[in-house]
Amino acid sequence: MSHRLRLGVNVDHVATIRNARGGRHPDPVRAAKLAIAAGCDGITAHLREDRRHIRDDDIARLKAEIDKPLNFEMAATEEMTAIALTTKPHAVCLVPEKRTERTTEGGLDAVKQRAQLKPVIHTLKHAGIRVSLFIAAQPAQIEAAAELGAPVIEIHTGSWCDALSEGRTTEAEAEWQLIRAGALLAHGFGLEVHAGHGLDYASAESIAALPQIVELNIGHFLIGEAVFEGLTETVKFMRAAMDRGRANIKKS
Ligand code: PXP
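Because the structure is a prediction, the values reported are computed rather than measured.

S.K.: I tried to follow the sheet that holds strand β1 (residues 6–10) on my own but got confused; where do I start?
M.R.: The strands making up a sheet associate through hydrogen bonds between their backbones, and the pairing can be parallel or antiparallel. Pairing is parallel around the closed barrel formed by eight strands, whose spatial order is β1-β2-β3-β4-β5-β6-β7-β8. When the angles between neighbouring strand axes are averaged without regard to direction, this sheet yields 25 degrees. The pairing of strand β7 (residues 192–196) with strand β8 (residues 213–218) spans four bridges and is parallel. The residue of β8 that forms the bridge with V193 is I213. Its contacts with the sheet place helix α6 (residues 139–148) against β5 (130–135) and β6 (152–156), and it is angled at close to 160 degrees to β5.

Structure, rendered in structure tokens:
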């Protein structure tokens, strides 16, 4: 089994820069179109409750103007569920926004929040929206996601990426083993497995070698690197890094 690895580009931080001055520039929808033209497979945007970067009309414009799947990241609240039902994105990724919704690794606490998540997952699925849960690669979280009927999980790679970039090699290796085992466990439950948070060229290339993972969602590094290289080049470099990593499956 080795599916093509999809790249979802998160355009939140284009909106962060726009909002630093107000006005319309730079436009996250324009960035999304450029990223698509450069070869990504979908666009991810997080409408936060405080609207700190992406705004409601960005979501509406993304849905109307892009020709690749929109992955709408949101908290599992009534307000966001209503927006998702109106927008009808291809996918929703449920993410934590408040400390109390998070595990120590930073993912959604699907174990503690079963009661809140269940109706939201049910409603979104019923509307034909693919639902994923952004969780740490902890067995208990993965089991809870499967029990809740979420068809997809997105493994939170933040702790692994932080350990890698800070040179904490033992911790990085432990996090990597957790991700590897988590991807296998989730796949065994029949879940589709995605990953994201903190990925750069090197970590995306490494994680691309895990055959159970079929989608990476990447934002901060790509938008930051685009300042130096341009978004088109940056997306192309990322695509090439992921393809190199994927090719390693066949060798191993
Ligand atoms: N996936 C999810 C669920 C996220 O919340 C984020 C961060 O917004 C990302 C992926 C992308 O993380 P980063 O911006 O660090 O690449």
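S.K.: Sorry, what's going on with the packing of aromatic side chains here?
M.R.: Inspection of the entire model under this criterion finds three aromatic pairs. When the centroid spacing of 5.1 Å and the interplanar angle of 35 degrees are considered together, the rings of W160 and W176 count as tilted. Highlighted residues: W160 in helix α7 (residues 158–165) and W176 in helix α8 (residues 169–188), separated in sequence by 16 residues. In this structure W176 comes out as buried when scored by relative accessible area, which is 17%. Clustering of aromatic rings is evident, with ring pairs tying together Y201, F221 and F237.

S.K.: Explain the site of the ligand here, please?
M.R.: Surveying the vicinity of the ligand reveals 13 residues, the closest of which are E73, E154, G198, G219 and H220. Between the ligand and N10 there is a distance of 3.4 Å, counted from an oxygen atom to a side-chain nitrogen or oxygen. Contact with the protein chains removes 90% of the 390 Å² of surface that the ligand exposes when unbound. Across the shell around the ligand, the residue classes tally to four nonpolar, six polar and three charged.

Basis of the calculations
- Residues numbered from 1 in each chain as written.
- Predicted model: local features only at pLDDT ≥ 70, side-chain atom pairs only at ≥ 80, totals over all residues.
- Heavy atoms only, no water.
- Pairing = 2+ DSSP bridges.
- Helix = DSSP H or I, 4+ residues; strand = E, 2+ residues; numbered from the N terminus.
- Axes fitted to C-alpha atoms, helices over the stretch in contact; angles between N-to-C directions.
- Contact = heavy atoms within 4.5 Å.
- Phe/Tyr/Trp six-rings, centres within 6.5 Å; stacked < 30°, edge-to-face > 60°.
- Buried < 20%, exposed > 50% of the residue type's maximum accessible area, 1.4 Å probe, protein only.
- Near = heavy atom within 4 Å.
- Polar contact = N/O pair within 3.5 Å; in protein donor to acceptor, adjacent residues only side chain to side chain.
- Areas by Shrake-Rupley, 256 points an atom, 1.4 Å probe, with all protein chains shown as cover.
- Nonpolar A, V, L, I, M, F, W, Y, C, P; charged D, E, K, R; others polar.

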